[in-house]
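Structural features, examined
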Amino acid sequence: MDINVVNALPYEEFVKLFGNVVEKCPLISAAVWSCRPFKDLANIEVHIAEFIHSLPDSGKEGILRCHPDLAGRDLQSGTLTQESQEEQSQAGMTTLDSAEILKMYRLNAEYKDRFGFPFVICARLNNKADIVRQLSERLKNDRAAERERAIEEVKKICSLRLRNIVLPDIQTKL
Ligand SMILES: NC(=O)N[C@H]1NC(=O)NC1=O
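Residues numbered from 1 in each chain as written. Predicted model: local features only at pLDDT ≥ 70, side-chain atom pairs only at ≥ 80, totals over all residues. Heavy atoms only, no water.

Turning to the packing of helix H5 (residues 57-65) against helix H10 (residues 143-166), a few remarks are in order. The axes of two packed helices give the description: the angle between them and the distance between them. It is the contact of H5 with H10, at a shortest axis distance of 10 Å, that shows an interaxial angle of 55°. Classified by the angle their axes make, H5 and H10 are oblique. With respect to the hand of their crossing, H5 and H10 are arranged in left-handed fashion. Each of Asp-57, Lys-60, Glu-61, Ile-63, Leu-64 and Arg-65 in H5 lies in contact with H10, whose residues at this interface are Arg-143, Arg-147, Glu-148, Ala-150, Ile-151 and Val-154. For the contact of H5 with H10, the residue count by class is five nonpolar, no polar and seven charged. (Axes fitted to C-alpha atoms, helices over the stretch in contact; angles between N-to-C directions. Helix = DSSP H or I, 4+ residues; strand = E, 2+ residues; numbered from the N terminus. Parallel < 35°, antiparallel > 145°, perpendicular 65-115°, else oblique. Left-handed = near helix turned anticlockwise from the far one by under 90°. Contact = heavy atoms within 4.5 Å. Nonpolar A, V, L, I, M, F, W, Y, C, P; charged D, E, K, R; others polar.)

Below, the structure is given as structure tokens:
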């Protein structure tokens, strides 16, 4: 998709297309629409990142709370967004055995107890062993460092989702 096509999209179409590049946060694409014209895809990412970084800590934590747990209840009940379903599937979260599901459940609960928001990681860039290891390691961070770390993961997820929309025929890697 040419950047000129993106720049010509009316607000409603833009939000319909890009509304879930940050999970369940269409407000972000709604805000970024007014930054048009974009130079290129990377420029859309820059505006999204600037918007996220301009938020107070409560806003950043709100973004994190919009993310479903990895291998959590939404996955088990089939209520993930299509993007999240594909990402979790790619990371092997849809084929865990019951012991692995229980382990993820316990680690996710411990993380949420400690930080007050869910563990977020770019599933498409990690396999299940990476995810379990990082969940355990990041539990040792303090809340401020972990908030920033998790927001960096949101930006990676966003970047891959944007590429999937704008460059769907190209195998995308960060
Ligand atoms: N909790 C969490 O990391 N969720 C996600 N990560 C990802 O890549 N897609 C998600 O839904």
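So much for the structure itself; the text now carries on.
Let us look at the site of the ligand. Every residue lining the ligand is accounted for by Pro-68, Leu-70, Ser-84, Glu-87, Gln-88, Phe-119, Val-120, Ile-121, Cys-122, Ala-123 and Ile-157. Within the backbone of Pro-68, a nitrogen or oxygen atom sits 2.8 Å from a nitrogen atom of the ligand. Take Phe-119: an N or O atom from its main chain is 2.8 Å from a nitrogen atom of the ligand. Notes on the ligand: free accessible area 290 Å², of which the protein chains cover 100%. The cavity where the ligand resides is the largest cavity. The greatest single-element share of the shell around the ligand, amounting to three residues, is contributed by helix H7 (residues 82-90). For the shell around the ligand, a count of residues per class yields eight nonpolar, two polar and one charged. (Near = heavy atom within 4 Å. Polar contact = N/O pair within 3.5 Å; in protein donor to acceptor, adjacent residues only side chain to side chain. Areas by Shrake-Rupley, 256 points an atom, 1.4 Å probe, with all protein chains shown as cover. 1 Å grid on protein atoms, 1.4 Å probe; cavity = no way out; pocket = protein on both sides within 12 Å on 5 of 7 lines; lining within 4 Å. Sits in = over half its atoms within 2 Å of the grid points.)

Okay, the domain arrangement of the chain next. By the assigned domains, the chain splits into domain 1 (3-62 + 162-167) and domain 2 (64-150). Centre-to-centre separation of domain 1 and domain 2, based on C-alpha positions: 24 Å. In this complex, domain 1 contributes 10 residues to the contact, which on the side of domain 2 involves 14 residues. Of the roughly 1,200 Å² buried at the junction of domain 1 and domain 2 (both faces included), carbon and sulfur atoms supply 41%. Counting the surface domain 1 buries against domain 2, the share from its top three residues, Glu-23, Lys-24 and Glu-61, is 53%. At the junction of domain 1 with domain 2, the criterion picks out five salt bridges. A salt bridge links Glu-61 to Arg-147; the shortest N-O distance between them is 2.9 Å. One can count 11 residue pairs in polar contact (both at pLDDT 80 or more) joining domain 1 with domain 2. The element contributing the most residues to the side of domain 1 that touches domain 2 is H5, with four residues. (Domains from an automatic or database assignment. Buried area = accessible area lost by both parts, 1.4 Å probe. Salt bridge = Lys/Arg side-chain N within 4 Å of Asp/Glu carboxyl O.)

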